[in-house]
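# Coordinates in review
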Amino acid sequence: KLKNFGLRSPVGFVYNQPSALVSRTDVASVTSWLAPIIWEGTFDATLIDFIYKQQNLTIATTVFALGKYTRFLKDFLESAEQHYFVGFRVHYYLFTDHPEEVPEVKMGENHRLIVRKVPSMNRWQDISMGRMEILEKLIKNELASEADYIFCLDVDAKFYGRWGVESLGRLVGVIHPWYFDAPRDKFTYERRPESQAYIPVEEGDYYFTGAAFGGSLEDVHHLTKTCREQMNIDIANSIEALWHEESHLNKYFLHNKPSKLLSPEYLWRDINAWAAQIKVVRFSHVAKNNAEVRPN
Ligand code: UD2
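From a predicted model like this one, the values you see are computed outputs, not experimental measurements.

Conventions used here
- Residues numbered from 1 in each chain as written.
- Predicted model: local features only at pLDDT ≥ 70, side-chain atom pairs only at ≥ 80, totals over all residues.
- Heavy atoms only, no water.
- Helix = DSSP H or I, 4+ residues; strand = E, 2+ residues; numbered from the N terminus.
- Rg over C-alpha atoms; globule rule 2.2 N^0.38 Å.
- Buried < 20%, exposed > 50% of the residue type's maximum accessible area, 1.4 Å probe, protein only.
- Contact = heavy atoms within 4.5 Å.
- Lys, Arg positive; Asp, Glu negative; His and termini not counted.
- Charge placed at Lys NZ, Arg CZ, Asp CG, Glu CD.
- Near = heavy atom within 4 Å.
- Polar contact = N/O pair within 3.5 Å; in protein donor to acceptor, adjacent residues only side chain to side chain.
- Areas by Shrake-Rupley, 256 points an atom, 1.4 Å probe, with all protein chains shown as cover.
- 1 Å grid on protein atoms, 1.4 Å probe; cavity = no way out; pocket = protein on both sides within 12 Å on 5 of 7 lines; lining within 4 Å.
- Sits in = over half its atoms within 2 Å of the grid points.
- Axes fitted to C-alpha atoms, helices over the stretch in contact; angles between N-to-C directions.
- Parallel < 35°, antiparallel > 145°, perpendicular 65-115°, else oblique.
- Left-handed = near helix turned anticlockwise from the far one by under 90°.
- Nonpolar A, V, L, I, M, F, W, Y, C, P; charged D, E, K, R; others polar.
- Salt bridge = Lys/Arg side-chain N within 4 Å of Asp/Glu carboxyl O.
- Pairing = 2+ DSSP bridges.
- Points joined across faces, edges and corners; volume = space filled by probe spheres on them.

Helix and strand counts for the protein chain stand at six helices and 11 strands. Against the compact-globule benchmark of 19 Å for 296 residues, the protein chain has a radius of gyration of 19 Å, which places it among compact chains. Out of the 296 residues belonging to the protein chain, those deemed buried represent 51%. Long-range pairs, those at least 24 residues apart, make up 76% of the contacts in the protein chain between residues at least 6 apart in sequence. Positive and negative charge centroids in the protein chain, built from 34 and 38 side chains respectively, lie 3 Å apart.

Rendered as structure tokens:
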């Protein structure tokens, strides 16, 4: 029923027949609440591009580079321009305290870089957590008429493969590359009941990374607002969650189930050993010397 999508199959547009029987057998491609988990081999890139092309979408993408983290921008942006939503409209919102250090990177058609100056901060934890409030405000004050979806990405990372419209959904989380095969009691959730991010050992679905998340403007606004509020309650109670906003994000996803999950292909780590299930590394954290790049 292609007509329901407003599509007309153009002459010569041929793609593999989808199968009701054959799929990846080495990984789960759906959660127990029926959200798809995106792995290589679970989607047809040509077909899904064709479907989404009709929608004339804009994907806002936020990235923060404060202090010495501006050094990661060149590789991040250059690699994004090769692999990230190629052929679709992308507006990057780059927050930095050093706009003069933003490299010149040639943007592809329909891709635009918007640089915003933000004050410097002394603690890397505050930079990382402070992203939630800035995102909340950006979505509320500016993006409503500017974008359809938003992704929020760490900057100390590089694209090596396609990241495209297969990742779009109402609320999208990325499974952390260290815990995709771990039992839930081994997840590094916040375990102190005094924190708003607390998750008991017998609870939890997946361990999600704070390095990449996204979705519709409405859902990501609710996510960032909630995490910001929960972090403020923690501050008032003099407690900081183990993995900062990542801990709060995991708590949020426990109670607000993501409608789509991205496999660790969408956030690998350059230093990780090879895993048989990973057929493509799309986006990966670069190795960095934390003591050297962080302000504290
Ligand atoms: C983990 C998460 C990260 C965040 C953090 C919170 C992964 C792969 N990453 O990474 O998303 O949840 O834990 O504890 O799970 N930044 C600056 N300047 C700084 C410091 C940080 O711009 O001086 C920004 C930058 O965009 C960076 C992000 O904050 O990508 C997260 O900081 P990080 O990458 O140093 O945190 P990390 O590696 O512990």
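Moving on, we get to the site of the ligand. Taken together, the neighbourhood of the ligand is formed by 25 residues, with Phe64, Leu66, Tyr69, His244 and Glu245 sitting nearest. The separation between an oxygen atom of the ligand and a polar main-chain atom of Val155 is 3.1 Å. Contacts to the ligand include Glu246, whose side-chain N or O atom sits 2.9 Å from an oxygen atom. About the coverage of the ligand: the protein hides 97% of its 730 Å² of free accessible area. Here the ligand occupies the largest pocket. Elements with a minimum of two residues in the shell around the ligand: β2 (58-65), α3 (124-143), β8 (208-216) and α5 (244-255).

Two elements in contact, α3 and helix α4 (residues 217-236), have axes separated by 8 Å at closest approach and are oriented at 140°. With respect to their mutual orientation, α3 and α4 come out oblique. In this structure, the crossing between α3 and α4 has a hand that is left-handed. On α4, the residues that touch Met129, Met132, Glu133, Leu135, Glu136, Ile139, Lys140 and Leu143 of α3 are Leu217, Val220, His221, Leu223, Thr224, Lys225, Cys227, Arg228 and Met231.

Right, let's talk about the packing of α4 against α5 for a bit. Between α4 and α5, the least distance of the axes is 10 Å, while the angle of their chain directions is 120°. Taken together, the axes of α4 and α5 are oblique relative to one another. Between α4 and α5 the crossing geometry is right-handed. Every residue of α5 that contacts α4 at Asp219, His222, Leu223, Thr226, Cys227, Gln230, Met231 and Asp234 is listed here: Glu245, His248, Leu249, Tyr252 and Phe253. Considered class by class, the residues forming the contact of α4 with α5 number six nonpolar, four polar and three charged.

Applying the stated criterion to the full structure yields 21 salt bridges. We note a salt bridge from Arg282 to Glu40, for which the minimum N-O separation is 2.8 Å. Of the two residues, Arg282 is situated in the loop between β10 (268-269) and β11 (283-285) and Glu40 in the loop between β1 (37-38) and α1 (45-53); the sequence distance between them amounts to 242 residues. Judged by relative accessible area, which is 32%, Glu40 ranks as partly exposed. Linking Asp205 and Lys257 is a salt bridge whose minimum nitrogen-to-oxygen distance equals 2.8 Å. Here the residue Asp205 occupies a position in the loop between β7 (171-175) and β8, and Lys257 occupies one in the loop between α5 and β9 (260-262), the gap between them amounting to 52 residues. Overall, Asp205 belongs to the partly exposed group, its relative accessible area being 27%. On the basis of relative accessible area, Lys257 is assigned to the partly exposed category, the value being 31%.

The next thing to look at is the side chain of Lys260. Residue position: Lys260 is located in strand β9. For the buried Lys260, which has no salt bridge, the nearest side chain bearing the opposite charge is Glu166, at an N-O separation of 7.7 Å. A polar atom in the side chain of Lys260 sits 2.8 Å from the backbone oxygen of Leu168.

As a general point, the strands of a sheet are linked pairwise by backbone hydrogen bonds and lie either parallel or antiparallel. Read from one edge to the other, the open sheet built from eight strands follows the order β1-β9-β7-β8-β5-β2-β3-β4, with strand pairing classed as mixed. Edge positions in the sheet fall to β1 and β4 (111-117), since each has one partner strand and no second. Sheet topology places β1 next to β9; two bridges connect them, and they run parallel. In the sheet register, Ile38 faces β9, and the bridge partner there is Leu262. Helix α2 (residues 73-83) rests against β2, β3 (89-96), β4 and β5 (149-153) of the sheet, and its axis sits at about 175° to β3. Of the strands in this sheet, β5, β7 and β8 touch α4, which is tilted by about 140° from β8.

This paragraph deals with empty space enclosed by the protein. With the rule as written, the count across this model stands at two cavities of 30 Å³ or more. Lining the largest cavity are Thr62, Phe64, Ser128, Arg131, Met132, Leu135, Cys152, Leu153, Asp154, Gly210, Phe213 and Glu245. For the lining of the largest cavity, the elements supplying multiple residues, two or more each, are β2, α3, β5 and β8. Considered class by class, the residues forming the lining of the largest cavity number six nonpolar, three polar and three charged. Together, Phe64, Leu66, Val118, Met121, Ile127, Gly130, Arg131 and Ile134 line the second largest cavity. Here the lining of the second largest cavity gets four residues from one element, more than from any other, and that element is α3. Residues that form the lining of the second largest cavity fall into these classes: six nonpolar, one polar and one charged.

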